[in-house]
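# Structural features, examined
One letter stands for each residue in the lines below.
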Amino acid sequence: MASRSSNSTRLLLALLFACSALVASAGNFYSDFDITWGDGRGKILNNGELLTLSLDKASGSGFQSKNEYHLGKIDMELKLVRGNSAGTVTAYYLSSKGSTWDEIDFEFLGNVSGQPYTLHTNVFAQGKGNREQQFHLWFDPTEEFHTYSILWNAQRIIFSVDGTPIREFKNAESLGVPFPKNQPMRIYSSLWNADDWATQGGRVKTDWSNAPFTASYRNFNANACVKSSGASSYDPKSSWLMEELDETNQNKLKWVQENYMIYNYCSDTQRFPQGLPPECQLS
């Protein structure tokens, strides 16, 4: 056990050596993000405290973070498209660039009025994904803002909603499974039309009479390593560096997965007839 702990510490130090600074800040959208597409459909409001993305028949919209993050804990409050959101997708994710990119995904798949959103999660490492878990939520995500969080350290990725963990993806490099820990990633979000697949497999199309569709964002917070110019600075006692689920949060995770998970690639034996992916034995 001592050897394993020592190895983990050396790994963290090596990863953080490339980190220019550790930030812990409640962000302002003007200083932390750029609206990258949408021809005015993305807006920063209220002195940088609110950001909205809109979708109409001509175009959606999107934004990305100015910083690249390399391990950390990222929080964002979102309020999703209200009413008949069928065909729309609100994506909120971390991603690197290139053909062997890493990515950590939240995607919110809209539905017809009165039917629940599907929260789609995925993890890509070195360009390979196909690690989907999907959930319905225990509340209406269109009525109020809710916090969606990604904890990303060298041992695990934890997806949480309002502080409740919904998914844990563990480092399975010992089993030959790549883990996204070496590439800095930016935060991206977009609102776009995907009615060829998003709602009931594409059977329900976007009703453009309800446009424009709008998703709202506030209270961005990053406690993370930032790749930037400047002196190296980090606190090895930062809680997210070695954070794992305690017994209480393990029980919360189990509750969500037993009651609200609607798809788990690690249970899909028809999809993987030659055997489930090796990381599934850790879940």
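Reading the values: the criteria
- Residues numbered from 1 in each chain as written.
- Predicted model: local features only at pLDDT ≥ 70, side-chain atom pairs only at ≥ 80, totals over all residues.
- Heavy atoms only, no water.
- Disulfide = S-S within 2.5 Å.
- Helix = DSSP H or I, 4+ residues; strand = E, 2+ residues; numbered from the N terminus.
- Buried < 20%, exposed > 50% of the residue type's maximum accessible area, 1.4 Å probe, protein only.
- pLDDT = per-residue confidence, 0-100.
- Contact = heavy atoms within 4.5 Å.
- Phe/Tyr/Trp six-rings, centres within 6.5 Å; stacked < 30°, edge-to-face > 60°.
- Pairing = 2+ DSSP bridges.
- Axes fitted to C-alpha atoms, helices over the stretch in contact; angles between N-to-C directions.

### Brief notes about the state of the cysteines
On inspection of all chains with the given rule, the structure shows 1 disulfide. Residue cysteine 266 pairs covalently with cysteine 280 via a disulfide, S to S 2.0 Å. For the disulfide bridge between cysteine 266 and cysteine 280, the dihedral angle about the S-S bond is near -80°, and by the sign convention the bridge is left-handed. On the criterion of sequence distance, the pair formed by cysteine 266 in the segment after strand 16 (261–264) and cysteine 280 in the segment after strand 16 is long-range, its members being 14 residues apart. Taken individually, cysteine 266 and cysteine 280 each receive the classification buried, so the pair is uniform in this respect.

### Describing the confidence of the model for the chain
In the predicted model, the chain carries a mean pLDDT of 90, and 87% of its residues have values of at least 70. Low pLDDT, under 50, characterises residues 1–5; the predicted model gives this stretch 0 contacts beyond four residues in sequence or across chains.

### Here's the deal with the environment of lysine 227
On the secondary structure map, lysine 227 appears in strand 15 (residues 213–227). The class of lysine 227 is partly exposed, set by a relative accessible area of 46%. Each C-alpha atom of the pair lysine 227 and glutamate 68 lies 5.5 Å from the other, and the pair is 159 residues apart in sequence.

### Quick notes on the side chain of threonine 52
Along the chain, threonine 52 turns up in strand 4 (residues 50–55). The residues touching threonine 52, leaving out its near neighbours within four places in the chain, are Arg41, Gly42, Lys43, Leu45, Thr214, Ala215 and Ser216.

### Quick notes on the packing of aromatic side chains
Under the counting rule described, the total for this entry stands at 18 aromatic pairs. With 4.9 Å between their ring centres and 75° between their planes, phenylalanine 108 and tyrosine 148 make a pair best called edge-to-face. On the criterion of sequence distance, the pair formed by phenylalanine 108 in strand 8 (residues 103–109) and tyrosine 148 in strand 11 (residues 146–152) is long-range, its members being 40 residues apart. The two residues phenylalanine 108 and tyrosine 148 agree in class, both being buried. Relative to tryptophan 255, the ring of tryptophan 138 lies with its centre 5.6 Å away and its plane at 65°, an arrangement referred to as edge-to-face. Separated by 117 residues along the polypeptide, tryptophan 138 in the loop between strand 10 (133–135) and strand 11 and tryptophan 255 in helix 3 (residues 247–259) bring together distant segments of the chain. Among the residues examined, tryptophan 255 registers a relative accessible area of 38% and is labelled partly exposed. Taken together through their ring pairs, the aromatic side chains of Phe29, Phe33, Phe63, Tyr217 and Phe220 make up a single cluster.

### Focus: the sheet that holds strand 7 (residues 88–95)
Judged by pairing direction, the sheet is antiparallel, and its 8 strands sit side by side in the order 2-5-14-7-8-9-10-16 without closing on themselves. Of all the strands in the sheet, the pair left with one neighbour each is strand 2 (33–37) and strand 16. Here the strands of the sheet are splayed against their neighbours by 15° on average, with no regard to which way each runs. Pairing of strand 7 with strand 8 involves 7 bridges; the strand directions are antiparallel. Bridged to threonine 90 within strand 8 is phenylalanine 108.

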